[in-house]
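Chains, contacts and geometry: an overview
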Amino acid sequence: MAQPLVSWERAKNVMPGGVSSPVRAFGAVGGDPVIIASGRGSRVFDESGGEFIDLLGSWGPLILGHAHPKVVEAVKKAAEKGTSFGAPTDGEVRLAEMITGALPSVEMVRFVSSGTEATMSALRLARAATGRTKVVKFAGGYHGHVDSLLVSAGSGVATLGLPDSPGVTDATSKDTIVAGYNSIDSVKEAFSSFPDQIAAVIVEPIAANMGVVPPVSGFLEGLRQICDEDRSILIFDEVVTGFRVGYSGAQGMFGISPDLTVMGKVIGGGLPIGAYGGRRELMEMVAPAGPVYQAGTLSGNPLSVAAGLAALEQLGNGDPYGTLDSLGRLLSDGLQAEAKNAGVPLTVQRVGSMMTAFFTDMEVFDLEGAKTSDTDGFARFFHQLLDGGVYWPPSQFEAAFVCLAHDDDDIARVIETASKAFERIG
Ligand code: KE4
């Protein structure tokens, strides 16, 4: 007898919230999530054969689309040779060389198994390198579930953070200062309040976790200057933007060199991976070359590395980012126009193939601006799209992604479905 379809009730019975990661549970939009059975190209399919144009892209990694033949072939070949050795392999060296070749600021790189591990390790390295304890992050910035970064802004800006989750201790959050994204003044205030105490500033060079919020002119340059002046480490969290907005990431787009870069998602081609890297004299402090301890059983896993190599090989040839930008522009312009026709307040903010449709009529520069969005309106939009066969990310404060498997017909179909949704919402 065929295995019964996994039910949402069965999932919730054995897994917290029925999911392996909270945002998948549709908490922000209501209703029960779709249980995905497979994906192919620009489509995902649920267990009853429902077909959706996918704009989630697994939250970023699937820049080539689902089950890309080159990625599948690479993973199959790697698996046939064994799945893990806990020993050096040639693939991880070749992937490290591709990354250091793409990002001039990254002279050496260490692989881990998630973006969270990568940011946690980069923070430890920055504190070791500077001998300092404090870290600046930004309200609305997300860097994985690292205790010291699960911190929300205290009263006012540039104040010491408050735990953002039970289980995160005051002791952990007291060294984290929360500044305002796109506010250089708030960063200056943090550094003047804690002179010679700040080990690092960690920033998403293009914010994606309050929705897509690009840096205003001078913001990243200002961070670079402040860190230089105070001898603090500038960490670019490029887990989303790395190889997404360009082959040299956001740092290449804006011409700013961070001291450390955190990566994930795209570099694993859809398999578990994370990485951190940067200046040689910093990275050579990492064990076993140096004293800063960091380790991982499945770090540099041969299957993840094979998928990552296959993905980056596709991204390093031709003009994939030109194609992605054109598809992104077609979608964002179409959504903006249809919302205007329907009288629905909408601000679509986009960088290349990543975008957020904010249900607000104002441009969004920071978390406060993002919070002006009508999240109920977004939830209705989300479900109208889903009912129409379009899978948009189930949260107002996330990024939607077009991929190289989308075509103009897909985009036209999404715009047509969104137009009907706006009519119903407007
Ligand atoms: P992971 O530990 O989820 O691999 O990466 C953490 C991370 C680090 N830095 C940035 C900028 C990130 O966006 C993330 C994770 N992104 C979220 C969605 N925006 C992953 C989705 C999820 O948590 O399930």
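Residues numbered from 1 in each chain as written. Predicted model: local features only at pLDDT ≥ 70, side-chain atom pairs only at ≥ 80, totals over all residues. Heavy atoms only, no water.

1. Let's talk about the packing of helix H3 (residues 90-102) against helix H10 (residues 302-315)
Orientation of H3 relative to H10, taken along the N-to-C sense of each, is 35°, at an axis distance of 9 Å. The two elements H3 and H10 cross, and the hand of that crossing is left-handed. Where H3 abuts H10, its residues Gly91, Glu92, Arg94, Leu95, Met98 and Ile99 lie against Val305, Gly308, Leu309, Leu312 and Glu313. Looking at the contact of H3 with H10 residue by residue, the classes come out as six nonpolar, two polar and three charged. (Axes fitted to C-alpha atoms, helices over the stretch in contact; angles between N-to-C directions. Helix = DSSP H or I, 4+ residues; strand = E, 2+ residues; numbered from the N terminus. Left-handed = near helix turned anticlockwise from the far one by under 90°. Contact = heavy atoms within 4.5 Å. Nonpolar A, V, L, I, M, F, W, Y, C, P; charged D, E, K, R; others polar.)

2. Structural notes on the pairing of strand E12 (residues 260-264)
Among the five residues of E12, five are classified as buried, and the element is accordingly described as predominantly covered. After leaving strand E11 (residues 233-237), the chain enters helix H8 (residues 249-254) and then returns to the sheet as E12, a path that is right-handed. Of the strand pairs in this sheet, E12 and strand E13 (residues 274-278) are connected by five bridges, and their pairing is antiparallel. Looking at E13, one finds that Met263 is bridged to Ala275. (Buried < 20%, exposed > 50% of the residue type's maximum accessible area, 1.4 Å probe, protein only. Right-handed = clockwise from strand over helix to strand, strands pointing away. Pairing = 2+ DSSP bridges.)

3. With respect to the environment of Arg40
By the element assignment, Arg40 lies in strand E1 (residues 36-40). Taking the C-alpha atoms as reference points, Arg40 and Gly65, separated by 25 residues in sequence, lie 7.1 Å from one another. With sequence-adjacent residues up to four places away left out, Arg40 is seen in contact with Phe45 and His66.

4. As for the site of the ligand
Around the ligand, a shell composed of 16 residues is seen, among which Ser21, Thr116, Asn209, Asp237 and Glu398 lie nearest. Take Ser21: an N or O atom from its side chain is 2.6 Å from an oxygen atom of the ligand. Here a nitrogen atom of the ligand sits 3.1 Å away from a polar atom, N or O, in the side chain of Lys265. Alone, the ligand offers 540 Å² of accessible surface; in the complex the protein occludes 85% of this. Here the shell around the ligand is composed, by residue class, of five nonpolar, seven polar and four charged. (Near = heavy atom within 4 Å. Polar contact = N/O pair within 3.5 Å; in protein donor to acceptor, adjacent residues only side chain to side chain. Areas by Shrake-Rupley, 256 points an atom, 1.4 Å probe, with all protein chains shown as cover.)

Take it as geometry only, folks, not as evidence of what the structure does.
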